[in-house]
Protein chains: 2
Amino acid sequence: MADMKSTFLDVYSTLKTDLLHDPAFEFTHESRQWLERMLDYNVPGGKLNRGLSVVDSYKLLKQGQDLTQEEVFLSCALGWCIEWLQAYFLVLDDIMDNSVTRRSQPCWFRKPQVGMIAINDGILLRNHIHRILKKHFRGKPYYVDLVDLFNEVEFQTASGQMIDLITTFDGEKDLSKYSLQIHRRIVQYKTAYYSFYLPVACALLMAGENLENHADVKNVLVDMGIYFQVQDDYLDCFADPETLGKIGTDIEDFKCSWLVVKALERCSEKQTKILYENYGKSEPSNVAKVKALYKELDLEAAFMEYEKESYEKLKKLIEAHQSKEIQAVLKSFLAKIYKRQK
Amino acid sequence: MADMKSTFLDVYSTLKTDLLHDPAFEFTHESRQWLERMLDYNVPGGKLNRGLSVVDSYKLLKQGQDLTQEEVFLSCALGWCIEWLQAYFLVLDDIMDNSVTRRSQPCWFRKPQVGMIAINDGILLRNHIHRILKKHFRGKPYYVDLVDLFNEVEFQTASGQMIDLITTFDGEKDLSKYSLQIHRRIVQYKTAYYSFYLPVACALLMAGENLENHADVKNVLVDMGIYFQVQDDYLDCFADPETLGKIGTDIEDFKCSWLVVKALERCSEKQTKILYENYGKSEPSNVAKVKALYKELDLEAAFMEYEKESYEKLKKLIEAHQSKEIQAVLKSFLAKIYKRQK
Ligand SMILES: [Mg+2]
Ligand SMILES: [Mg+2]
Ligand SMILES: [Mg+2]
Ligand SMILES: [Mg+2]
Ligand SMILES: [Mg+2]
Ligand SMILES: [Mg+2]
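It should be emphasised that the depicted structure is a prediction, and the values quoted were computed from it without experimental measurement.

1. Description of the interface of chain B and chain A
Then, in step 1: Listed as interface residues are 52 residues of chain B and, on the opposing side, 52 residues of chain A.
Then, in step 2: In this assembly, chain B packs against chain A so that about 4,900 Å² is buried in total across both faces, 65% of it on carbon and sulfur atoms.
Then, in step 3: Contact with chain A buries surface across chain B, with F25, F155 and M162 of chain B losing the most and accounting together for 14% of the total.
Then, in step 4: Linking chain B with chain A are 12 salt bridges, by the criterion used here.
Then, in step 5: Notably, a salt bridge pairs R138 of chain A with D148 of chain B, separated by 2.6 Å at the nearest N-O pair.
Then, in step 6: Within the residue set of the side of chain B that touches chain A, elements represented by two or more residues are α2 (29-42), α4 (69-96), α5 (117-137), α6 (143-169) and α7 (180-206) of chain B.
Then, in step 7: Here the element with the most residues in the side of chain B that touches chain A is α6 of chain B; it accounts for 18 residues.
Then, in step 8: A class-by-class count of the residues in the side of chain B that touches chain A yields 24 nonpolar, 14 polar and 14 charged.

2. Remarks on the coordination of the magnesium ion (ligand 4)
Ideal geometry at a metal centre gives angles of 109.5 degrees when four donors are arranged tetrahedrally and 90 or 180 degrees when six donors are arranged octahedrally.
All names here are of chain B.
Then, in step 1: Looking at the magnesium ion (ligand 4), the protein donor atoms are D93 (OD) and D97 (OD), and they sit 2.0 Å from it.
Then, in step 2: The distance between the magnesium ion (ligand 4) and the magnesium ion (ligand 5) comes to 3.3 Å, with D93 serving as a donor to both metals.
Then, in step 3: Of the residues examined, D97 reaches a relative accessible area of 29% and is grouped as partly exposed.

3. A few points about a positive patch on the surface
Then, in step 1: Together, K47, K246, K255 and K342 of chain A line one region of the surface with positive charge.
Then, in step 2: Within the secondary structure, K246 of chain A sits in the loop between α9 (241-244) and α10 (258-266).

4. Looking at unusual backbone geometry
Then, in step 1: Positive phi outside glycine occurs at R103 of chain A, with the angle close to 50°.
Then, in step 2: Inspection of the secondary structure puts R103 of chain A in the loop between β1 (101-102) and β2 (105-106).
Then, in step 3: Using a relative accessible area of 27% as the deciding quantity, one classes R103 of chain A as partly exposed.
Then, in step 4: Of note, S104 of chain B is a non-glycine position whose phi angle comes to about 45°, a positive value.

5. Details of the nonpolar core
Then, in step 1: If you look at the biggest cluster of nonpolar residues, it comprises 261 residues, and the most contacted ones within it are W84 and Y294 of chain A together with W84 and Y294 of chain B.
Then, in step 2: Not counting chain neighbours up to four residues away, the residues in contact with W84 of chain B comprise Y12, L15, L19, L39, V43, L125, H128, I129 and I132 of chain B.

6. Details of the relation of the copies chain B and chain A
Then, in step 1: Once turned by 180° and shifted 0.0 Å along the axis, chain B lies on chain A with an RMSD of 0.0 Å. Here the symmetry operator amounts to a two-fold rotation axis. Every residue of chain B has its C-alpha some distance from the rotation axis, and the shortest such distance is that of V144 of chain B, at 3.1 Å.
Then, in step 2: Of the residues that chain B buries at the interface, 100% are likewise interface residues in chain A, meaning the two copies contact each other through the same surface.

7. What about helix α13 (residues 299-319) of chain B?
All names here are of chain B.
Then, in step 1: In this model, α13 (21 residues) spans 30 Å end to end at C-alpha, consistent with the 30 Å of a helix rising 1.5 Å per residue.
Then, in step 2: Within α13, the full set of buried residues consists of L299, A302, F303, Y306, E307, S310, L314 and I318. In an axial view of α13, the angular spread of the buried residues amounts to 135°, which keeps them on one side of the axis. Those residues of α13 that are exposed and aimed more than 90 degrees away from the buried face are K308 and K316.
Then, in step 3: Along its buried surface, α13 packs onto α8 (215-238), α10 (258-266), α12 (284-296) and α14 (324-337).

8. Concerning the domain arrangement of chain A
Residue and element names in this part refer to chain A.
Then, in step 1: When its domains are assigned, chain A resolves into domain 1 (1-139) and domain 2 (141-341).
Then, in step 2: Taking only C-alpha atoms into account, the centre of domain 1 sits 24 Å from that of domain 2.
Then, in step 3: Between domain 1 and domain 2, the residue contacts involve 30 residues of the former and 29 residues of the latter.
Then, in step 4: Of the roughly 2,700 Å² buried where domain 1 meets domain 2, counting both sides, 72% is carbon and sulfur surface.
Then, in step 5: Viewed at the interface, domain 2 and domain 1 are joined by 2 salt bridges.
Then, in step 6: Residues D56 and K336 are paired through a salt bridge, measuring 3.8 Å at the closest nitrogen-oxygen approach.
Then, in step 7: Between domain 1 and domain 2 we count 7 residue pairs in polar contact (both at pLDDT 80 or more) in total.
Then, in step 8: Listing elements by their share of the side of domain 1 that touches domain 2, those giving two or more residues are α3 (49-61), α4 (69-96) and α5 (117-137).
Then, in step 9: Residues belonging to the side of domain 1 that touches domain 2 are distributed by class as follows: 15 nonpolar, 7 polar and 8 charged.

9. Concerning the side chain of E71 of chain B
Residues and elements named next belong to chain B.
Then, in step 1: Relative to the elements of secondary structure, E71 occurs in helix α4.
Then, in step 2: Taking the relative accessible area as the measure of exposure, E71 reaches 15% and is therefore buried.
Then, in step 3: Within the local environment of E71, its side chain forms a polar contact with the side chain of Y58, the two groups lying 2.5 Å apart.
Then, in step 4: Residues contacting E71, with those up to four places away along its chain left out, are Y58, K62, D66 and M206.

10. Considerations on the state of the cysteines
Should the sulfur atoms of two cysteines be covalently bonded, the bond is a disulfide.
Residues and elements named next belong to chain B.
Then, in step 1: Here the structure, examined in full by the defined rule, presents 0 disulfides over all chains.
Then, in step 2: Note on C76: no disulfide assigned, nearest cysteine sulfur contributed by C81 at a separation of 11 Å.
Then, in step 3: For C76, a relative accessible area of 0% corresponds to the buried category.
Then, in step 4: Of all cysteine sulfurs in the structure, the one in C267 sits closest to C237, which takes part in no disulfide; the separation is 14 Å.
Then, in step 5: Note on C237: relative accessible area 13%, which makes it buried.

11. Comments concerning the packing of aromatic side chains
Residues and elements named next belong to chain B.
Then, in step 1: Counted by the stated rule, this structure contains 44 aromatic pairs over all chains.
Then, in step 2: A ring pair is formed by Y227 and Y306, whose centres lie 6.3 Å apart and whose planes are at 45°; its orientation type is tilted. Residue Y227 is located in helix α8, and its partner Y306 is located in helix α13; the two are separated by 79 residues in the primary sequence.
Then, in step 3: The interplanar angle of 5° and the centroid separation of 3.9 Å between the aromatic rings of Y234 and F303 together place this pair among those described as stacked. Taken together, the positions of Y234 in helix α8 and F303 in helix α13 put the pair 69 residues apart, joining distant regions of the chain.

12. Here's the deal with α8 of chain B
Given 3.6 residues per helical turn, the α-helix brings residues three or four places apart onto the same face.
Then, in step 1: Between its first and last C-alpha atoms α8 of chain B spans 34 Å; for 24 residues at 1.5 Å apiece the expected length is 34 Å, and the two agree.
Then, in step 2: With 18 of 24 residues buried, α8 of chain B is to be regarded as a mostly interior element.

13. Here we look at the environment of Q63 of chain B
Then, in step 1: Take Q63 of chain B: it is sitting in the loop between α3 (49-61) and α4.
Then, in step 2: Separated by 72 residues in sequence, Q63 of chain B and K135 of chain B have C-alpha atoms that sit 28 Å apart.

14. Things to note about the environment of L61 of chain B
Then, in step 1: Here L61 of chain B shows up in helix α3.
Then, in step 2: Not counting chain neighbours up to four residues away, the residues in contact with L61 of chain B comprise A203, L204, A207, E325, I326 and V329 of chain B.

Conventions adopted
Per chain, the residues get numbers from 1 upward, laid out in the order the sequence is written. Chains carry letters from A onward and ligands carry numbers from 1 onward, assigned in written order. For a predicted model such as this one, the threshold for reporting local features is a pLDDT of at least 70, and the threshold for listing and counting side-chain atom pairs is 80 or more; totals across whole chains, interfaces and linings nevertheless cover every residue. To obtain the side-chain values, all non-hydrogen atoms of the structure were included, while hydrogens and water were left out. When checking whether two residues touch, look at their non-hydrogen atoms; a contact exists if any pair is within 4.5 Å. Defined in terms of a 1.4 Å probe, buried area is the accessible area two parts forfeit on being brought together, summed over both. Salt bridge criterion: a side-chain nitrogen from Lys or Arg within 4 Å of a carboxyl oxygen from Asp or Glu. By the criteria applied, helices consist of DSSP H or I runs no shorter than four residues and strands consist of E runs no shorter than two, each listed in order from the N terminus. Under the convention adopted here, Pro, Cys and the residues Ala, Val, Leu, Ile, Met, Phe, Trp and Tyr are nonpolar, Asp, Glu, Lys and Arg are charged, and Gly plus all remaining residues are polar. Think of the donor list as every N, O and S atom within 2.8 Å of the metal, or within 3.2 Å for Na, K and Ca; water never makes the list, so a site can look incomplete. Partly exposed residues are those whose accessible area sits between 20% and 50% of the maximum for their type, while under 20% is buried and over 50% is exposed, using a 1.4 Å probe and protein chains only. Within the patch definition used here, like charges are joined within 9 Å and nonpolar side chains (Val, Leu, Ile, Met, Phe, Trp, Tyr) within 5 Å, considering only residues with over 30% relative accessible area and no salt bridge. What sets the accessible areas is the Shrake-Rupley method with a 1.4 Å probe; for residues, cover comes only from the shown protein chains. Asp and Glu count as negative and Lys and Arg as positive, but His and the ends of the chain are not part of the count. The atom standing in for a charge is NZ when the residue is Lys, CZ when it is Arg, CG when it is Asp and CD when it is Glu. What makes a nonpolar core is a set of buried Ala, Val, Leu, Ile, Met, Phe, Trp, Tyr and Cys residues whose side-chain atoms join them at distances within 4.5 Å. Superposing copies: least-squares fit, C-alpha atoms only, residues required to have pLDDT of at least 70 in both. An expected span of 1.5 Å times one less than the residue number is assigned to each helix. Arc definition: it is the arc formed by the directions from the helix axis to the C-beta atoms. The source of the domain bounds is an automatic or database domain assignment. Within 3.5 Å is the distance limit for a polar contact, defined as a pair of N or O atoms, with the added protein rule that one can donate a hydrogen and the other accept it, and that residues adjacent in sequence qualify only through two side-chain atoms. Cysteine sulfur atoms that come within 2.5 Å of each other are treated as a disulfide pair. Any two of the Phe, Tyr and Trp rings considered here, Trp counted by its six-membered ring, make a pair once their centres fall within 6.5 Å; the pair's planes then place it as stacked at under 30 degrees, edge-to-face at over 60, or tilted in between.

Structure follows, in structure tokens:
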């Protein structure tokens with residue numbers, strides 16, 4: 001496994017070198033330098049979970065057979081396409097959210113000499129996906145499905161981002177727009193498709209499967225992605241920051257978090273008033289009042305219940321699947337996230 | 001022709017309605033409203049030259065045969081894909097350039113309640129191209145080539161934008177980075193591929209042609225695109241603002257214009273000094289000094305000479321082409337831009 005990660009990182013170097021010498025563009029020395037720095041800053045520094053899970057899933061679909069060198073390379077390349085997609089979204093999301101840090105370094109647009117050029121860098125990251133797909137997959141029978149898949153998932157993610165942006169920022173802060181229903185929609189589109197469905201869909205295509213026959217796999221993974229984001233929202237407030245590796249700021253940021261929509265559901269009139277008065281403000285006293293209300297409403301127990309129910313529902317859906325290989329893929333995703341602490 | 005424009009606009013309405021009811025996303029009422037307003041604001045308000053030229057070119061390739069209703073619809077839809085691509089680039093370019101107006105209205109990101117959400121709107125515009133292609137062209141034998149074409153041209157445009165941004169904005173203003181060579185590169189990638197090559201390439205694909213057999217067509221159109229941009233640079237300074245419909249600001253904006261690179265080529269040491277001291281400043285006295293220098297160096301004559309040479313070279317290349325239909329397409333492009341005053 002440690003070995004697979006180093007193979008995966010080697011593939012990054014190969015893909016980067018290709019992109020820096022793409023014959024479809026005449027690089028100047030300065031633009032090649034710029035691009036290399038931009039890629040190294042934004043693409044490989046994450047946890048790489050999404051990317052590595054393409055390789056893992058493909059192996060499970062192949063029932064643990066040894067992969068050929070080509071299969072290893074191609075599944076890593078698809079994994080990197082997802083990491084590139086993620087980098088693209090994050091570079092632009094940080095500008096839209098006016099964020100300060102990402103992966104414990106300044107956001108790319110905050111770097112001197114970058115600024116709004118980061119918008120075009122985001123666009124380039126997105127375009128690289130199709131350069132990689134074209135170079136390495138153009139001759140494969142599943143090429144057109146792969147391109148359609150990336151385009152559809154990108155569309156869904158940007159659409160989820162749209163409802164997130166217009167719900168959260170539209171004029172003044174207005175909690176009355178938040179509900180479980182809108183939370184589910186934001187999370188499903190903005191996160192679940194690209195983080196959970198896309199890696200498995202890539203592996204299925206490489207294994208020769210037709211995605212139209214796998215609507216059930218998509219549904220399970222989308223549900224898992226929603227569960228994952230609810231955990232994320234919960235941990236943002238209730239996890240030990242030491243373990244989590246960051247200090248949550250969803251309350252300050254007026255996020256449409258699962259906790260706040262669950263709170264709204266359970267609040268008395270008086271409690272609703274407290275929430276409206278304190279949510280989305282950065283002073284510690286306001287945050288403390290929201291946290292006290294979350295305790296009062298016993299959102300920890302609500303989350304435990306949600307987690308248990310989700311897990312059981314997902315497990316049942318997975319066990320009902322006719323293919324043992326696909327069951328193994330889905331179980332491995334579920335095992336990685338169930339009761340996670342960070 | 002007036003009729004074709006109204007047909008073209010009808011197709012916009014159809015495509016927009018499809019996008020507002022795309023089954024790949026669950027719209028909320030607010031997000032559907034947002035999207036409709038965003039599309040109407042940014043997509044149809046330009047001159048539509050690029051889009052309409054797909055229909056015109058396709059007709060010429062068909063030797064003036066009457067097009068079927070399906071052919072009219074599909075060529076219009078491809079024309080709109082180019083207009084969508086243009087809208088996407090302009091929405092983002094205006095943010096990066098910190099521009100104020102576009103098509104005589106405020107830039108989209110300057111509208112109240114929009115701001116940085118415009119970045120995601122740009123992304124959505126880009127994604128719509130593939131939604132349109134998938135809905136209407138998925139069953140066509142040339143579908144995969146069409147998707148590859150749009151992806152490649154987008155990549156080239158973003159790459160041209162990258163060298164434009166890093167050449168123009170990198171730290172302090174530095175004229176020594178400007179040359180005919182870098183001007184040609186910026187213009188070729190940032191403008192020529194999507195404005196000149198892409199419409200014809202779309203028409204060729206619809207007509208069943210393999211683009212690999214048409215490298216010569218690409219070269220002619222890219223050269224025409226460069227010529228078009230040189231005209232644009234020339235008119236920015238020398239055209240009557242009344243006729244041009246706007247007041248040029250390339251000198252104030254420190255643009256890598258054909259005029260400044262041509263001037264640098266012709267300047268004495270003393271004149272170079274004047275250019276360095278006055279280019280890229282917004283005070284009228286600085287601008288006036290640059291304009292006086294342009295007159296002194298007789299850039300008007302240099303442009304006339306460039307225009308004549310370009311025209312003759314392009315005409316020769318076109319007449320050497322073996323296909324009369326393709327000649328007709330290329331000639332119609334050239335006729336539209338030769339000696340244009342706006
Ligand atoms: Mg963010
Ligand atoms: Mg955000
Ligand atoms: Mg979070
Ligand atoms: Mg601009
Ligand atoms: Mg610009
Ligand atoms: Mg201009």
